[in-house]
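# Overview (structure and organization)
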Amino acid sequence: MIQKDLKKNWFVYLLAVPVVAWFLIFCYGPMWGVLIAFKDFKPLLGFSESDWVGFKHFIDFFQGPYFWRVVKNTLLLNVWGIAFGFTAPIILALMLNEIRGAKFKKTVQTITYMPHFISLVVVCGIIHIFAADEGIITQILQFVTGKEYSSLLGYSSFFRPIYTFSGIWQSIGWDSIIYLAAMSSIDTSLYEAAEIDGVGRIKKMWHITLPQISPVIIILFIFAIGGLMSSGYEKIILLYNPLIYDTADVIASYVYRRGLREASLSYSTAVGLISSIVNFGLLWMTNRIAKRRSEVSLW
């Protein structure tokens, strides 16, 4: 059967070869390196000569003074991201879908897409400028609250809002594309039938648009939950400082400091492995719940 299919669709299989090779070489090949999490890896001794230490690094992390801090911060940052960052593109796409003026719609889309193409380093530089002592965000906050503030990135309480809402600004337009694409495939006869029944825009949005794009929302939500224990370390490293470690230090930034700055490669690998295992468990659990509740799932 397989041989017959291979013979019939040989060109399709040929196209898949580079993709499979890429995954094998760059994704699955390096996975053997995760074994250094169970070793006391010394670069001078090499991988094979370094001593096996079993689960020592895992236990050290669980019993370490920073365990609860980095786990709590990682979870809270991602919960903020899902609560605000996941829903914002859906709301923007729903609003854009209701705009009838094509010129205005394209203008709004262009303005919201543009931040996606700005380098993360530049974005963090803008945040530093706006949140500085004389920055525009600091000035607005002082005007609204009547309190004096120095640089906002020196306050622990401001890090999560700054991190989350700057991320929304950067990605809301780009992330809304997939929802707009899903909306473009909705059968227009549903809207026409609703209009004949006298249904308003809000009810059409609620009873037609949202249910029709719900499979896309569920799939993307499963992916979002699958990354609940991981955060992009680049942006956090560019924004945080020791004054706000209590809210800004996450697993990824902790792994970066321990692995690259302190050369604890085995320890940082163990921490990263724990994060990956938990993420996979969350992904599997969310996928299973989604399959039971909505019959939409990744597998």
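Quick summary incoming for the structure in this document. (Residues numbered from 1 in each chain as written. Predicted model: local features only at pLDDT ≥ 70, side-chain atom pairs only at ≥ 80, totals over all residues. Heavy atoms only, no water.)

## Details of the overall build of the protein
We count it as follows: Secondary structure counts use DSSP, requiring at least four H or I residues in a row for a helix and at least two E residues in a row for a strand, with both numbered from the N terminus. This radius of gyration counts C-alpha atoms alone. The globule rule is 2.2 Å times how many residues there are, raised to the power 0.38. Two residues form a contact once any of their heavy atoms are found within 4.5 Å. Here, Shrake-Rupley sampling with a 1.4 Å probe gives the accessible areas, and only protein chains in the shown set may cover a residue.
A tally of helices and strands in the protein yields 15 helices and two strands. Over its C-alpha atoms the protein spans a radius of gyration of 24 Å, topping by over 25% the 19 Å that the globule rule assigns to 299 residues. Relative to all contacts within the protein whose residues are 6 or more apart in sequence, the contacts with residues 24 or more apart total 65%. Accessible surface, the protein: about 18600 Å² in total, of which carbon and sulfur atoms supply 69%.

## What about the packing of aromatic side chains?
How we decide: The aromatic pairing rule takes the rings of Phe, Tyr and Trp, using the six-membered ring of Trp, and pairs them if the centres are within 6.5 Å, calling planes under 30 degrees apart stacked, those over 60 edge-to-face and the rest tilted. Exposure classes here rest on a 1.4 Å probe applied to the protein chains alone. A residue is buried below 20% of its type maximum, exposed above 50%, and partly exposed in between.
All chains considered together, the criterion is met by 25 aromatic pairs. The interplanar angle of 80 degrees and the centroid separation of 5.5 Å between the aromatic rings of Tyr149 and Phe158 together place this pair among those described as edge-to-face. Across the pair, Phe158 and Tyr149 agree in class, each one buried. Between Tyr233 and Tyr256, the ring centres sit 6.2 Å apart and the planes meet at 15 degrees, which makes this aromatic pair stacked.

## Focus: the layout of surface pockets
For clarity, the cut-off: For cavity detection a 1 Å grid was placed over the protein atoms alone, and a set of points counts as a cavity when a 1.4 Å probe fits there but cannot get out; an open set counts as a pocket when protein lies on both sides within 12 Å along at least five of seven lines, with lining residues being those that have an atom within 4 Å of a point. Grid points are joined across faces, edges and corners, and a volume is the space filled by probe spheres set on the points. Each residue receives one of three labels: charged for Asp, Glu, Lys and Arg, nonpolar for Ala, Val, Leu, Ile, Met, Phe, Trp, Tyr, Cys and Pro, and polar for the others, Gly being one of them.
Quantified by volume, the largest pocket comes out at close to 690 Å³. Together, 22 residues line the largest pocket, and Gly81, Gly85, Gly167, Ser171 and Asp175 are the ones closest to its centre. When contributions to the lining of the largest pocket are tallied by element, the ones reaching two or more residues are α5 (67-98), α9 (156-184) and α11 (201-226). It is α9 that contributes the most residues to the lining of the largest pocket, nine residues altogether. When its residues are assigned to classes, the lining of the largest pocket shows ten nonpolar, ten polar and two charged.

## Side note on a nonpolar patch on the surface
Quick reminder of the rule: Within the patch definition used here, like charges are joined within 9 Å and nonpolar side chains (Val, Leu, Ile, Met, Phe, Trp, Tyr) within 5 Å, considering only residues with over 30% relative accessible area and no salt bridge. Salt-bridge detection follows one rule: a side-chain nitrogen of Lys or Arg within 4 Å of a carboxyl oxygen of Asp or Glu.
Residues Val19, Val20, Trp22, Phe23, Leu24, Ile25, Phe26, Tyr28 and Met31 make up a contiguous nonpolar surface patch of about 980 Å² in total accessible area. Here Phe26 lies in helix α2 (residues 10-28). A residue is classified by how much of its surface remains accessible, and Phe26, at 55% relative accessible area, is exposed.

## Quick look at unusual backbone geometry
Here the phi dihedral of Ala263 falls at roughly 60 degrees; this positive angle occurs in a residue that is not glycine. Mapped onto the secondary structure, Ala263 falls in the loop between α14 (251-261) and α15 (265-294).

## Remarks on the environment of His116
Tracing the backbone through its elements, the reader meets His116 in the loop between α6 (102-113) and α7 (120-130). It is 26 Å that separates the C-alpha atoms of His116 and Asn279, two residues lying 163 residues apart in sequence. Leaving out residues up to four positions away in the same chain, His116 has contacts with Gln170 and Trp174.

## Brief notes about the nonpolar core
Selection criterion: As used in this record, nonpolar core signifies buried Ala, Val, Leu, Ile, Met, Phe, Trp, Tyr and Cys residues forming a set joined through side-chain atoms within 4.5 Å.
Core analysis: the largest hydrophobic core is formed by 42 residues, its most contacted members being Phe58, Phe61, Ile90, Tyr179, Met183, Ile213 and Ile217. Examining the composition of this core, we find that eleven residues originate from one element, α5, more than from any other. If we skip the residues at most four places from it in the chain, Tyr179 touches Phe86, Pro89, Ile90, Ala93, Ile213, Val216, Ile217 and Leu220. Within the second largest apolar cluster, 20 residues are counted, among which are Leu77, Cys124, Tyr240 and Tyr245.

## Concerning the pattern of salt bridges
Opposite charge on two side chains allows them to pair when their charged atoms are near. This structure, assessed with the given rule, holds seven salt bridges. Its salt-bridge partner being Asp60, residue Lys56 comes within 3.1 Å of it at the nearest N-O pair. Of the two residues, Lys56 and Asp60 both sit in helix α4 (residues 56-63), four residues apart, roughly one turn of that helix. Overall, Asp60 belongs to the partly exposed group, its relative accessible area being 30%. For Arg201, the salt bridge is made with Glu98, and the minimal N-O distance between the two is 3.7 Å. Of this pair, Arg201 sits in helix α11 while Glu98 sits in helix α5, placing them 103 residues apart in sequence. A relative accessible area of 43% places Arg201 in the partly exposed class. Within this structure, Arg69, Asp249 and Arg257 form a network of salt bridges that share partners.

## Quick word on the side chain of Lys204
Definition in use: Here a polar contact means two N or O atoms within 3.5 Å. Within protein one must be a hydrogen donor candidate and the other an acceptor candidate, and residues neighboring in sequence count only if both atoms are side-chain atoms.
Mapped onto the elements, Lys204 comes out in helix α11. For Lys204, a relative accessible area of 8% gives the class buried. Engagement of the side chain of Lys204 in a polar contact is seen with the side chain of Glu195, the distance being 3.1 Å. Those residues in contact with Lys204 that lie beyond four places of it in its chain are Tyr191, Ala194, Glu195, Val199 and Thr209.

## Focus on the packing of α5 against α14
Put simply, the test is: In this analysis, axes come from line fits to C-alpha atoms, helices being fitted only over the stretch in contact, and the angle between any two N-to-C directions falls in the range 0 to 180 degrees. Oblique is the label for every angle not falling under 35 degrees (roughly parallel), over 145 degrees (roughly antiparallel), or within 65 to 115 degrees (roughly perpendicular).
Orientation of α5 relative to α14, taken along the N-to-C sense of each, is 135 degrees, at an axis distance of 8 Å. With respect to each other, α5 and α14 are oriented oblique. Between α5 and α14, the residues in contact are Arg69, Val70, Val71 and Thr74 and Ile251, Tyr254 and Arg257, respectively. Here the residues of the contact of α5 with α14 sort into four nonpolar, one polar and two charged.

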